[in-house]
Amino acid sequence: MVIPKSSLQLLLSLFYLWLTLAEGPNVSAQTVKPYTFEEHHMGTLFKITLYAESDSVAELAASNAFQEIERLNNIMSDYLPESELNQFSQTSGSGKFVRLSEPLFEILSQAQWISYQTGGLFDVTVGAMSKAWRELRSQPVPVLPAPEDLDALIRRSGYRHLVLRHDTQSGMLEKPGMELDLGGIAKGYASARALETVQSFGISSALIDAGGDITAGNPPPGRTSWSVAVPKPAPAAGGIDLVRLQVNNATVATSGGLFQYIEIDGKRYSHILHPETGLGADQQIQATVIGSSATKTDALASALTLMDPEEGLRLIGHIPDTEAILFKLVDGEIKEWRSPGADRFLSE
């Protein structure tokens with residue numbers, strides 16, 4: 001099936017998640033029923049699909065999950081001036097450690113782990129750069145910043161200058177003017193916490209869709225997995241195809257600049273920022289990562305779009321319970337790379 005590029009957002013909502021609910025002989029025999037709830041959070045649409053015994057339990061579980069997502073957004077958003085994240089950024093260069101809440105300390109710890117794994121290609125200290133890049137992309141006629149302006153932004157970042165103390169659950173931003181941006185990791189973290197919230201109500205079959213990034217629990221009753229789909233570029237057909245995956249108790253995150261980009265002076269730049277240049281990545285790569293950690297999967301999908309595919313697969317090979325499928329536009333054609341274990345998730 002070929003879908004027009006204008007339908008990419010619909011695809012990223014993974015509409016294949018919800019197959020015919022009557023499908024499968026055992027589903028109708030269950031005492032639980034399927035429910036779907038959706039709300040806008042973190043700049044995207046969160047959808048919660050779950051199987052519960054009653055309307056009241058389903059609604060309560062979903063309501064609490066959305067409340068948890070919003071609570072985390074109030075902590076982690078770089079758009080909210082009073083968020084804990086922004087308050088922490090304001091202490092940069094002070095030379096003082098700041099006590100952090102459990103969620104913020106946990107996500108920063110995981111972000112730092114990925115930063116070291118990727119040699120800084122994933123870096124949450126690029127807040128000043130990402131704000132400048134967002135503003136540039138919103139201009140009617142985007143113009144690249146002057147080299148000296150980019151250098152000034154780059155000097156205000158650096159993951160090695162985010163120092164965390166686990167004994168005191170505190171952090172320090174060593175450089176003056178450092179700003180944090182969790183846009184490449186917060187959705188995954190929030191999705192994992194939302195799924196945990198749903199499960200705390202005794203619901204095991206549930207799935208969180210955060211704008212196309214999937215965090216799945218146990219599969220629906222009577223089935224062995226959730227069926228999801230991710231876009232596969234198909235420029236020759238004038239649109240995109242689909243890769244169908246079967247997952248349970250796993251996450252699926254897709255990122256890349258094959259469809260989301262701007263063009264400046266005839267050159268394409270992705271919406272994903274490259275920490276070393278302060279500009280959007282100029283490689284046309286899409287990465288889908290399948291793993292056991294929603295937080296790490298979310299971040300790794302972004303980082304892989306900044307690497308050559310072979311380098312990205314070597315990285316994935318060193319991370320347990322993690323696989324990847326990569327697409328890259330090369331000389332007008334889409335080439336595909338897969339990690340060795342990715343095939344086991346593909347639908348036959």
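My aim in this report is to walk through the structure given alongside it, one point at a time. (Residues numbered from 1 in each chain as written. Predicted model: local features only at pLDDT ≥ 70, side-chain atom pairs only at ≥ 80, totals over all residues. Heavy atoms only, no water.)

### Thoughts on the overall build of the chain
For step 1, the next point in the chain: Per the secondary structure count, the chain includes nine helices and 17 strands.
For step 2, the next point in the chain: Across the 348 residues that make up the chain, the buried fraction comes to 54%.
For step 3, the next point in the chain: For the chain, the accessible area works out to roughly 15,500 Å², and carbon and sulfur atoms hold 50% of it. (Helix = DSSP H or I, 4+ residues; strand = E, 2+ residues; numbered from the N terminus. Buried < 20%, exposed > 50% of the residue type's maximum accessible area, 1.4 Å probe, protein only. Areas by Shrake-Rupley, 256 points an atom, 1.4 Å probe, with all protein chains shown as cover.)

### Focus on the pattern of salt bridges
For step 1, the next point in the chain: Counting across every chain of the model gives 15 salt bridges.
For step 2, the next point in the chain: Residue Asp 213 is joined to Lys 187 by a salt bridge in which the shortest nitrogen-to-oxygen separation is 3.7 Å. With a gap of 26 residues between them, Asp 213 in strand 7 (residues 213-216) and Lys 187 in helix 7 (residues 186-199) connect regions that are remote in the sequence.
For step 3, the next point in the chain: On the accessibility criterion, Asp 213 (12% relative accessible area) is buried.
For step 4, the next point in the chain: Salt-bridge contacts for Arg 338 lead to Asp 343; the nearest nitrogen and oxygen are separated by 2.9 Å. (Salt bridge = Lys/Arg side-chain N within 4 Å of Asp/Glu carboxyl O.)

### Topic: unusual backbone geometry
For step 1, the next point in the chain: Of note in this structure, Met 42 is not a glycine but carries a positive phi near 55°.
For step 2, the next point in the chain: With respect to the secondary-structure elements, Met 42 resides in the loop between strand 1 (33-41) and strand 2 (44-52).

### What to know about the pairing of strand 7
For step 1, the next point in the chain: What you see with strand 7 is no split at all: Asp 213 and Thr 215 on one side and Ile 214 and Ala 216 on the other are buried throughout.
For step 2, the next point in the chain: Where strand 6 (residues 206-210) lies against strand 7, four bridges are found, and the strand directions are antiparallel. Within strand 7, the residue paired with Asp 209 across the bridge is Ile 214.
For step 3, the next point in the chain: Between the end of strand 6 and the start of strand 7, which pair antiparallel, lie two residues, with Gly 211 showing a positive phi angle near 60°.
For step 4, the next point in the chain: Bridge count for strand 7 against strand 10 (residues 250-256) is three bridges, and the pairing is antiparallel. Across the sheet, Ala 216 pairs through a bridge with Ala 250, a residue of strand 10. (Pairing = 2+ DSSP bridges.)

### Notes on the packing of aromatic side chains
For step 1, the next point in the chain: Taken as a whole and judged by the stated rule, the model has four aromatic pairs.
For step 2, the next point in the chain: Seen in terms of ring centroids, Tyr 51 and Trp 226 are 6.3 Å apart; in terms of plane orientation they differ by 55°. Their pairing is tilted. Linking Tyr 51 in strand 2 with Trp 226 in strand 8 (residues 226-234), this pair joins segments that are 175 residues apart in sequence. Trp 226 matches Tyr 51 in its accessibility class, with the two residues each being buried.
For step 3, the next point in the chain: Seen from the ring of Phe 97, Arg 165 lies directly overhead, with NZ or CZ sitting 3.8 Å from the centre.
For step 4, the next point in the chain: Its end group placed over the ring of Trp 113, Lys 296 keeps NZ or CZ at 4.2 Å from the ring centre. (Phe/Tyr/Trp six-rings, centres within 6.5 Å; stacked < 30°, edge-to-face > 60°. Lys NZ or Arg CZ within 6 Å of the ring centre and 35° of its normal.)

### Thoughts on the sheet that holds strand 3 (residues 98-99)
Strand pairs in the sheet, formed through backbone hydrogen bonds, run parallel or antiparallel to each other.
For step 1, the next point in the chain: A sheet is described by the order of its strands in space; here three strands give the open sequence 3-5-4, paired in antiparallel fashion. Strands with a single pairing partner mark the edges of an open sheet, and in this sheet they are strand 3 and strand 4 (162-165).
For step 2, the next point in the chain: By the bridge criterion, two bridges tie strand 3 to strand 5 (residues 170-173) in an arrangement that is antiparallel. Pairing of Val 98 across the sheet is with Gly 171, part of strand 5.
For step 3, the next point in the chain: Contacts between helix 4 (residues 102-117) and the sheet are confined to strand 4 and strand 5, with strand 4 contributing the most and set at about 125° to the helix. (Contact = heavy atoms within 4.5 Å. Axes fitted to C-alpha atoms, helices over the stretch in contact; angles between N-to-C directions.)

### Overview of the sheet that holds strand 1
For step 1, the next point in the chain: Pairing is antiparallel in the open sheet, where eight strands are placed in the order 1-2-6-7-10-15-16-17. Among the strands making up the open sheet, the edge pair consists of strand 1 and strand 17 (333-338). Pairs of neighbouring strands in the sheet enclose a mean axial angle of 10°, with direction left out of account.
For step 2, the next point in the chain: In the sheet, strand 10 pairs with strand 15 (residues 285-291) via six bridges, with the strands oriented antiparallel. Its bridge partner being in strand 15, Thr 254 is matched across the sheet by Thr 288.

### Topic: the nonpolar core
For step 1, the next point in the chain: Core analysis: the largest hydrophobic core is formed by 63 residues, its most contacted members being Leu 50, Ile 107, Leu 108, Val 124, Leu 182, Ile 185 and Leu 304.
For step 2, the next point in the chain: At nine residues, the largest contribution of residues to this core is made by helix 2 (residues 55-76).
For step 3, the next point in the chain: Leaving out residues up to four positions away in the same chain, Leu 108 has contacts with Phe 88, Leu 100, Val 124, Leu 162, Leu 164, Leu 180 and Leu 182.
For step 4, the next point in the chain: Among the nonpolar cores identified, the runner-up in size contains 18 residues, and Val 230, Val 243, Ile 290 and Phe 327 belong to it. (Core = buried A, V, L, I, M, F, W, Y, C linked by side-chain atoms within 4.5 Å.)

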